[in-house]
Structure formats: C-alpha cells, structure tokens
Amino acid sequence: LKGGYPLSDGTVALSAESGQGYERYLSLSEDGRVSKKHCVIVHRGDKLYLKDEGSRNGTYLNGEAVTRPVVLQKDDVIGLGGTRLEILNILRESE
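None of the values given here were measured: they were computed from a predicted structure.

A separate point is the sheet that holds strand 9 (residues 83–86). If you walk across this open sheet you meet the four strands as 6-5-8-9, and the pairing is antiparallel. Two strands in the sheet have a free side with no partner beyond their single neighbour: strand 6 (64–65) and strand 9. Relative to strand 6, strand 5 (residues 59–61) runs antiparallel, the two being bridged by two bridges. Bridge pairing in strand 6 places Y60 opposite A65.

Set out below in structure tokens:
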C-alpha cells in the first residue's frame, strides 16, 4: 500500500467489500483471506486503535493475534489475510 491512508476523527473499516456499514473503508477484495467485515481502525482522542470484527482468519499486530482493541504505534504492522499494512506515521492532534 503506497501513499498512505490518512485518518481523521472516526473509524475506517478494512474489509473485503465496500465498507460493510462504515462510511470510510479500505477495500482489500483482491485478498481472498480477508473477511467481508474484517477489522477497524478507530481514532479516539490522540490514539488509533485496531479492533478485529470477528474475522474468520484473524487480525494480527506485529505477528500477535488481536483479541481486544489495541493501540497502534508508528512502525507497527497489521496483518489480515495475506495482506500486511505498515503504520508509517501517526500525526497527533497537537502536530
């Protein structure tokens, strides 16, 4: 994934289909192991959280299964299906 994916206040769904009820989403339809409603990244305050949405193949952060919402940090790697997404930068509201 090149060019980044900016996220302001709100939620972005990572899924195999368009949004699944979310206004903003990143479709990963080319990856057959990504669920229709796989996971979400939620922006609350000055933090980003990764939450699995009951996906069949699981969501991983730095190789560890995500079983509850976890805070994302710069250089973290999100794994879903055969796709890997690296967090390149997190801009805080004060920046």
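Right, let's talk about the nonpolar core for a bit. Counting residues in each nonpolar core, the largest one holds 18 residues, and the members touching the most others are L14, I41, L50, L72, I78 and L80. Those elements giving two or more residues to this core turn out to be strand 1 (10–15), strand 3 (39–44), strand 4 (47–52) and strand 8 (77–80). Once residues within four sequence positions are removed from consideration, L80 is found in contact with L14, L28, D31, V34, H38, C39, G58 and L85.

Structurally, the position occupied by H38 is in the loop between strand 2 (25–27) and strand 3. With relative accessibility at 0%, the residue H38 sits in the buried group. At a separation of 2.9 Å, a polar atom in the side chain of H38 contacts the main-chain carbonyl oxygen of G58. Filtering out sequence-adjacent residues up to four positions away, H38 remains in contact with L14, S15, R33, D52, E53, G54, S55, G58, T59, L80 and G81.

Below, the discussion takes up the pattern of salt bridges. Enumeration according to the criterion identifies three salt bridges in this entry. Close ionic contact of D75 with K74 constitutes a salt bridge, the shortest N to O distance being 3.8 Å. Classification of K74 as partly exposed rests on a relative accessible area of 49%. In this structure, a network of salt bridges that share partners links the residues K37, K51 and E53.

Our focus in this paragraph is unusual backbone geometry. Phi angles above zero are rare outside glycine, and N62 is one such case at about 55°. A positive phi angle, close to 75°, is found at D75, a residue other than glycine. With respect to the element layout, D75 can be found in the loop between strand 7 (70–71) and strand 8.

This next bit is on the environment of R68. Mapped onto the fold, R68 is located in the loop between strand 6 and strand 7. A C-alpha to C-alpha distance of 8.3 Å links R68 and L50, two positions 18 residues apart in sequence.

Thresholds applied
Residues numbered from 1 in each chain as written. Predicted model: local features only at pLDDT ≥ 70, side-chain atom pairs only at ≥ 80, totals over all residues. Heavy atoms only, no water. Pairing = 2+ DSSP bridges. Helix = DSSP H or I, 4+ residues; strand = E, 2+ residues; numbered from the N terminus. Core = buried A, V, L, I, M, F, W, Y, C linked by side-chain atoms within 4.5 Å. Buried < 20%, exposed > 50% of the residue type's maximum accessible area, 1.4 Å probe, protein only. Contact = heavy atoms within 4.5 Å. Polar contact = N/O pair within 3.5 Å; in protein donor to acceptor, adjacent residues only side chain to side chain. Salt bridge = Lys/Arg side-chain N within 4 Å of Asp/Glu carboxyl O.

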